[in-house]
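A closer look at the structure
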Amino acid sequence: MEVTTPASSSYGHQFTWTDYTFFGGMLAMSTIIGIYFGFFGKKQNTASEYLMGGKRMHAIPIAASQVACQISATTLLAVPADIYKFGANYMWLSVSTLLVSIAVYKIYLPVFYNLQLTSIYEYLQMRFDRKMRILSSFLTIVSMLVFCPVAIYIPSLAFAQVSGVNVMLVASVTSIICVFYTTVGGLKAVVWTDTFQFVVMVITFSIVFVMGLSSVGGFASVVDRSIAGRRFEVLDFSFDPTLRDSFSALIIGGTAQWIAFTGTNQAVLQKYLSVPTFKDARSALVIYTICISIIHVFAVFMGLLVYAKYWNCDPLASNQISRIEQLLPHFVMEVAGSLPGLPGVFIAGVFSAGLSSLSACLNAISGVIYEDFVSHFLSKSTSQQRISNVLKVIVAGMGIVCTLLVFILDNVKGIFPFYIGLMAVATGPLLGIFTMGLLVPFVNSKGAFYGGIFSMIVIGWIALQNQWYQSHGLNDEFLKPISTDGCYNSSFDISNTSQVERPIFLYRISFWFYALIGAVVSMACGFVISCFTGHDKAPVPKKLLSPIVHGFLSRASSKDSVEPEKIPLNSF
């Protein structure tokens, strides 16, 4: 895309001291919560207290924390921008969320809750062997090192757009604050700051949405302009896997991806394990499902609302913004910039999403690194206080690493598909490994290990090739039409000048399918290798298998059955 004439004007509103006050207040409140739980609440001087809140957390704040963690700034900023460019098919993800929650409740959560593990990768050592646990922990750390920089970079980009402050300076300062309150406050600080930040998010985006509707003439105008601009073409049920955002990509691929994000994710499951009973965990999961589905739909309509505002004057083509991720902040400054403090509240809401995701990620990654790597070098007589201190050092160290990785993202084109694609390199194989372990008793450690390795190589190669082609205009064929006819100066060149040869089918597959491909490759290899190498041990204890396969097991394993009163199988 080449802009031949610069835009003559942009929004006239800038950040004021009132906006900075609201934004600073959100950061201050998050810090105060961390200080309270770190120094004045119940001391975080044991691993259980630090990582799981002493298993006394309540379902509602856990659910709010899960939503705040999963709905990062990527969803709030990158998704509406993606819908503006490619249309509203993302809304089908709200349907897949229901399927995901049922699968998590029936297959994954019962086993992990009964085992009460600090790191869910301990399960893989129990089910397979030590090297399987190390591989999965490594994949998880990789996925978190992809996720955390994105979680903080996108809100920093939004802040830089509306305030003019350097994006890397913003990312560095806010990351340090988040690392501080996560380090000193542990899981309780993470959960309660997430809950506070979730409330900020809901209030902020609700106000912006209402003001945006008023600025474009109401909901009917949004729908009419979206239909006319081909943004509302959601009833195409094609199963072509090369379509970027098809029905099948979101329902099939999106379901697999979100199962990987929730059913085999340390940051998510660690919170479910912090409640006192399985009934509480189920309640938190139900609340999470309802809220996350609503937010997916809301993100779609936010994207359509932005299109209704700029249907005849695209801000990117007219050089009013430099990156598509800046679209929503630009919109907010136009429709709400004249209201003192609201832009500051909006940016606070965006940063709330980013910080909640980053804090949960850091808390979870400390548990993984400690349990699966560091703990083996400590003596059994090591005090709980020292263990707690080690966990805090890990959080601080990984926070610094994630902050440094933010600098790489400044050169990435299209944060949303980049983030989904690279996450799948780790989450796809992990989904296959855990699913094999929980559902297929005959799969052995060799099958799971080499299946995971091969899957990681395959999906990594596909993702990297696809990202290269995307950077050269691969997905431009899916772009919806834009216009600059309504701009003050409409002499802009919006033609697509990028040239790229059409890649082979494998590299054109939608990034929504990556996690599914990774899981299928991992499981297929695991099955084949296990068939040729035999069983590790027989039978596999029932407590290591999902309750849905217990009826198919031989009588020989009945002595190891899980306690039925803890897991009500038909109570979802």
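Residues numbered from 1 in each chain as written. Predicted model: local features only at pLDDT ≥ 70, side-chain atom pairs only at ≥ 80, totals over all residues. Heavy atoms only, no water.

1. Examining the packing of helix 10 (residues 247-263) against helix 16 (residues 415-439)
Between helix 10 and helix 16, the least distance of the axes is 9 Å, while the angle of their chain directions is 70°. Here helix 10 is positioned roughly perpendicular relative to helix 16, judged by the angle of their axes. Residues Ala-256, Gln-257, Ile-259, Ala-260 and Phe-261 of helix 10 form the contact with helix 16, whose own contacting residues are Tyr-419, Ile-420, Met-423, Thr-427 and Leu-431. (Axes fitted to C-alpha atoms, helices over the stretch in contact; angles between N-to-C directions. Helix = DSSP H or I, 4+ residues; strand = E, 2+ residues; numbered from the N terminus. Parallel < 35°, antiparallel > 145°, perpendicular 65-115°, else oblique. Contact = heavy atoms within 4.5 Å.)

2. Describing helix 10
Here helix 10 spans 23 Å end to end across 17 residues, near enough to the 24 Å set by a 1.5 Å rise per residue. Within helix 10, the axis deviates most sharply at Gly-254, by approximately 35°. The element helix 10 is extensively covered by neighbouring structure, given that 16 of its 17 residues are classed as buried. (Expected span 1.5 Å × (residues − 1). Bend = angle between axes of the 7 residues up to and from the residue. Buried < 20%, exposed > 50% of the residue type's maximum accessible area, 1.4 Å probe, protein only.)

3. A closer look at helix 15 (residues 384-409)
Owing to its 3.6 residues per turn, the α-helix brings residues three or four apart onto one side. With 26 residues, helix 15 should cover 38 Å at 1.5 Å per step; its first-to-last C-alpha distance of 38 Å lies within 8% of that length. The complete set of buried residues in helix 15 reads Ile-387, Ser-388, Val-390, Leu-391, Ile-394, Val-395, Met-398, Gly-399, Cys-402, Thr-403, Val-406 and Leu-409.

4. Things to note about the nonpolar core
Ranked by internal contacts, the top residues of the largest apolar core, which has 176 residues, are Tyr-123, Tyr-153, Tyr-272, Phe-331, Phe-346, Ile-347 and Phe-351. It is helix 7 (residues 130-163) that provides the largest number of residues to this core, a total of 18 residues. Beyond its immediate sequence surroundings of up to four residues, Phe-351 is in contact with Phe-23, Met-26, Ile-152, Pro-155, Ser-156, Phe-159, Val-170 and Thr-174. (Core = buried A, V, L, I, M, F, W, Y, C linked by side-chain atoms within 4.5 Å.)

5. What about the packing of helix 5 (residues 93-115) against helix 10?
One can describe the packing of helix 5 onto helix 10 by two numbers: an axis separation of 8 Å at closest approach and a directional angle of 40°. As summarised for this structure, helix 5 and helix 10 are arranged oblique, according to the angle between their axes. Considering the relative orientation of helix 5 and helix 10, their crossing is right-handed. Packed against helix 5, whose contacting residues are Leu-93, Val-95, Ser-96, Leu-99, Val-100, Ala-103, Val-104, Tyr-108 and Phe-112, the element helix 10 presents Leu-250, Ile-251, Gly-254, Thr-255, Trp-258, Ile-259, Thr-262 and Gly-263 at the interface. In terms of residue class, the contact of helix 5 with helix 10 is built from 12 nonpolar, 5 polar and no charged. (Left-handed = near helix turned anticlockwise from the far one by under 90°. Nonpolar A, V, L, I, M, F, W, Y, C, P; charged D, E, K, R; others polar.)

6. A short note on the side chain of Ser-546
By secondary structure assignment, the location of Ser-546 is in the segment after helix 19 (514-533). For Ser-546, a relative accessible area of 0% gives the class buried. A polar atom in the side chain of Ser-546 sits 3.2 Å from the backbone oxygen of Ile-107. If near-sequence neighbours (up to four positions away) are discounted, Ser-546 is found in contact with Lys-106, Ile-107, Val-111, Leu-438 and Leu-439. (Polar contact = N/O pair within 3.5 Å; in protein donor to acceptor, adjacent residues only side chain to side chain.)

7. What about the state of the cysteines?
Evaluation of the coordinates by the stated rule reveals 1 disulfide. No disulfide involves Cys-402; its nearest neighbouring cysteine sulfur is the one of Cys-148, lying 3.9 Å away. (Disulfide = S-S within 2.5 Å.)

8. Some thoughts on the packing of aromatic side chains
Counted by the stated rule, this structure contains 22 aromatic pairs. For the ring pair Tyr-20 and Phe-159, a centre distance of 6.2 Å and an interplane angle of 65° mean the geometry is edge-to-face. Linking Tyr-20 in helix 1 (residues 17-40) with Phe-159 in helix 7, this pair joins segments that are 139 residues apart in sequence. A residue is classified by how much of its surface remains accessible, and Tyr-20, at 35% relative accessible area, is partly exposed. With 4.9 Å between their ring centres and 90° between their planes, Trp-92 and Phe-247 make a pair best called edge-to-face. A residue pair is termed long-range when its members are at least 10 positions apart, and Trp-92 in the loop between helix 4 (73-86) and helix 5 and Phe-247 in helix 10 qualify at 155 residues. By relative accessible area, Phe-247 is classed as buried at 18%. By the ring-pair criterion, three or more aromatic residues cluster together here, those being Trp-92, Phe-237, Phe-239 and Phe-247. Against the face of Phe-449 rests Lys-131, its NZ or CZ located 5.5 Å from the ring centre. Geometry around Phe-86 places Arg-244 over its ring, the cationic atom sitting 3.7 Å from the centre. (Phe/Tyr/Trp six-rings, centres within 6.5 Å; stacked < 30°, edge-to-face > 60°. Lys NZ or Arg CZ within 6 Å of the ring centre and 35° of its normal.)

Take it as geometry only, folks, not as evidence of what the structure does.
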